[in-house]
Amino acid sequence: MISMASSNIRVLAPLETLDYFDSQTVRLPREVTPLQAWNLIMEDPQPLLKIAFKLRDAVSRGFGVKSIGGFSGMSKETVRAGDYLDFFLVEHSDDTTLVLTERDRHLDVMTCVSVEGQEVSITSSVTVHNAFGTAYMLPVGIAHKVIVRNMLRRLQRKLAA
């Protein structure tokens, strides 16, 4: 895990060595912790995500990749390193940063939810391990950016209500 210069954002590896990187930031109407942001986003997952995860698990199973099942909508009051938020392992949690990972034979994924004042960022970094991981990231990389953008917009609207 590497800290990006002059920020509380964490990534898997140096940017130039990553196979995928996306970081998106929104300004919220009020401050929240990273875990609060995660809980608010995940308490009502986007409807198409359930279908996407079922499809992902069905295809991936044929390549020996473990099923992840998707997001449960369950909130947690506190987390610490070693806990799980659905299929993600919590690698780090403090007042400004929540670092989640999923590591498998085809790729490693790190999602970092970070806050600075009223700004919330979701940063995803990926390293692939094989041809299946590379092929997997072609559609997922495109979809991921749209999904995260929608999650952050929904979070903005939810806190503005």
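The structure this text deals with has already been given above.
Since the model is a prediction, treat every value here as computed from it, not as a measurement.

This next bit is on helix 2 (residues 47–61). The end-to-end C-alpha separation of helix 2 is 22 Å, in line with the 21 Å expected for 15 residues at 1.5 Å each. The set of residues buried in helix 2 consists of Leu-49, Phe-53, Arg-56, Asp-57 and Ser-60. On an axial view of helix 2, the arc spanned by its buried residues comes to 95°, and they lie on one face. In helix 2, the exposed positions that point more than 90 degrees away from the buried face belong to Pro-47, Leu-48, Ile-51, Lys-54 and Leu-55. Lining the buried residues of helix 2 we find helix 3 (131–160).

Packed helices, taken two at a time, are described by the angle between their axes plus the distance between the axes. Closest axis-to-axis distance for the helix 1 (residues 34–42)/helix 3 pair is 9 Å, and the angle between their directions is 100°. Judged on the interaxial angle alone, helix 3 and helix 1 are roughly perpendicular. Along its contact with helix 1, which presents Ala-37, Leu-40, Ile-41 and Met-42, the element helix 3 presents Met-151, Leu-155, Lys-158 and Leu-159. Within the contact of helix 1 with helix 3, the residues separate by chemical class into seven nonpolar, no polar and one charged.

Once that is clear, we can look at the side chain of Ser-114. Relative to the elements of secondary structure, Ser-114 occurs in strand 7 (residues 107–116). Beyond its immediate stretch of four places on either side in the chain, Ser-114 contacts Asn-8, Ile-9, Thr-96, Thr-97, Glu-119, Val-120 and Ser-121.

For the rest of this paragraph, the subject is the pairing of strand 5 (residues 88–93). Two faces make up the sheet, and in a regular strand the side chains alternate between them. When strand 4 (residues 84–85) meets strand 5, the two strands line up antiparallel, connected through two bridges. Counterpart to Tyr-84 in the pairing with strand 5 is Leu-89. Taken together, strand 4 and the strand that follows it, strand 5, pair antiparallel across an intervening segment of two residues, in which Asp-86 is found at a positive phi of about 55°.

Turning our attention to the pairing of strand 3 (residues 20–27). Burial of the side chains of strand 3 is restricted to one face: Tyr-20, Asp-22, Gln-24 and Val-26 are buried, whereas none of Phe-21, Ser-23, Thr-25 and Arg-27 on the reverse face is. Of the strand pairs in this sheet, strand 3 and strand 8 (residues 119–128) are connected by eight bridges, and their pairing is antiparallel. The residue of strand 8 that forms the bridge with Gln-24 is Ile-122.

Before going further, it helps to spend a moment on the packing of helix 2 against helix 3. It is the contact of helix 2 with helix 3, at a shortest axis distance of 13 Å, that shows an interaxial angle of 170°. Taken together, the axis directions place helix 2 and helix 3 in an arrangement best described as roughly antiparallel. Two secondary-structure elements touch here, helix 2 through Leu-49, Arg-56 and Ser-60 and helix 3 through Phe-132, Tyr-136, Ile-147 and Met-151. Here the contact of helix 2 with helix 3 is built from residues that sort into five nonpolar, one polar and one charged.

What counts as what
- Starting from 1, residues in each chain are numbered consecutively following that chain's sequence as written.
- pLDDT decides what is reported in this predicted model: residues at 70 or higher carry local features, side-chain atom pairs at 80 or more are listed and counted, and totals for whole chains, interfaces and linings draw on all residues regardless.
- Where side-chain values are given, they derive from all heavy atoms of the structure, hydrogens and water being excluded.
- In DSSP terms, a helix is any run of H or I states spanning at least four residues, a strand is any run of E spanning at least two, and both are numbered starting from the N terminus.
- The length a helix should cover is 1.5 Å for every residue beyond the first.
- Buried, partly exposed and exposed residues are distinguished by accessible area as a fraction of the type maximum, computed with a 1.4 Å probe on protein chains only: under 20%, between the cut-offs, and over 50%, respectively.
- Starting at the helix axis, one direction is taken to each C-beta atom, and the arc is that of these directions.
- Between two residues, a contact is recorded if the distance between any of their heavy atoms is within 4.5 Å.
- Fitted lines through C-alpha atoms serve as axes, helices being fitted only where they are in contact, and the angles separating the N-to-C directions of these axes extend from 0 to 180 degrees.
- Oblique is the label for any angle not under 35 degrees, not over 145, and not in the 65 to 115 range, which are roughly parallel, roughly antiparallel and roughly perpendicular in turn.
- Under the convention adopted here, Pro, Cys and the residues Ala, Val, Leu, Ile, Met, Phe, Trp and Tyr are nonpolar, Asp, Glu, Lys and Arg are charged, and Gly plus all remaining residues are polar.
- By definition, two strands form a pair when at least two bridges between them are found by DSSP.

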